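In case you want the letters, here they are:
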Amino acid sequence: MGVPKRRASKQRGRQRRAASYKIAAPTLVSCPQCHELIMPHHACPECGYYKNRSAVKVQ
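Report follows, based on the coordinates.

Reading the values: rules and limits
- Here the residue index of a chain counts from 1 through its sequence in written order.
- pLDDT decides what is reported in this predicted model: residues at 70 or higher carry local features, side-chain atom pairs at 80 or more are listed and counted, and totals for whole chains, interfaces and linings draw on all residues regardless.
- To get the side-chain values, all heavy atoms of the structure are used, and hydrogens and water are removed first.
- The helix count covers DSSP runs of H or I at least four residues long, the strand count covers runs of E at least two residues long, and both are numbered beginning at the N terminus.
- Any residue under 20% of the maximum accessible area for its type is buried, any over 50% is exposed, and the rest in between are partly exposed; the area is computed with a 1.4 Å probe on protein chains only.
- Working rule for contacts: check all heavy atoms of both residues, and any pair within 4.5 Å makes them a contact.
- What makes a patch is a set of residues exposed beyond 30% relative accessible area and free of salt bridges, joined within 9 Å when like-charged and within 5 Å when nonpolar (Val, Leu, Ile, Met, Phe, Trp, Tyr).
- To measure how exposed things are, a 1.4 Å probe is used in the Shrake-Rupley method; for residues, cover is taken only from the protein chains shown.
- Salt bridge, as applied in this entry: a Lys or Arg side-chain nitrogen positioned within 4 Å of an Asp or Glu carboxyl oxygen.
- Positive charges come from Lys and Arg, negative ones from Asp and Glu, while His and the chain ends are left out of the count.
- We put the charge of a Lys on NZ, of an Arg on CZ, of an Asp on CG and of a Glu on CD.

Considering unusual backbone geometry
Now for step 1: Even without being a glycine, His35 presents a positive backbone phi close to 65°.
Now for step 2: Looking at the secondary structure, you find His35 in the loop between strand S1 (29–30) and strand S2 (37–38).
Now for step 3: What makes His35 exposed here is its relative accessible area of 57%.
Now for step 4: The phi dihedral of His41 is positive, around 65°, even though this residue is not glycine.
Now for step 5: On the secondary structure map, His41 appears in the loop between S2 and strand S3 (49–50).
Now for step 6: His41 gets classed as exposed once you look at its relative accessible area, which sits at 71%.

This is how it looks when you write it as structure tokens:
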């Protein structure tokens, strides 16, 4: 069975863990009403529509 010759430093473990944390761009979809880019499952801030019906009044 393999045994480490030396103790691995805290920095090595932290570097390994930090390698998988990356900022991802938000997922955006096109609004079916006004074709603006919006976050999925959110009402459109431009036209106020959600699931093809008016959900929010926009000035």
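Comments concerning the environment of Gln33
Now for step 1: By the element assignment, Gln33 lies in the loop between S1 and S2.
Now for step 2: Gln33 sits in the partly exposed class, given a relative accessible area of 41%.
Now for step 3: Each C-alpha atom, one on Gln33 and one on Lys57, is 14 Å from the other, the two residues being 24 residues apart in sequence.
Now for step 4: Sequence-distant contacts of Gln33, that is, excluding residues within four places in its chain, are made with Cys47, Tyr49 and Asn52.

Let's talk about a positive patch on the surface
Now for step 1: Among the surface-exposed residues, Arg7, Lys10, Arg12, Arg14, Arg16 and Arg17 lie close enough to one another that they form a single positively charged patch.
Now for step 2: With respect to the helices, strands and loops of the structure, Arg17 is situated in helix H1 (residues 10–18).

Some remarks on a nonpolar patch on the surface
Now for step 1: On the surface, Leu28, Leu37 and Met39 cluster together into a nonpolar patch covering about 300 Å² of accessible area.
Now for step 2: Since its relative accessible area comes to 59%, Leu37 is described here as exposed.

These results come straight from atomic positions and should not be treated as a statement about function.
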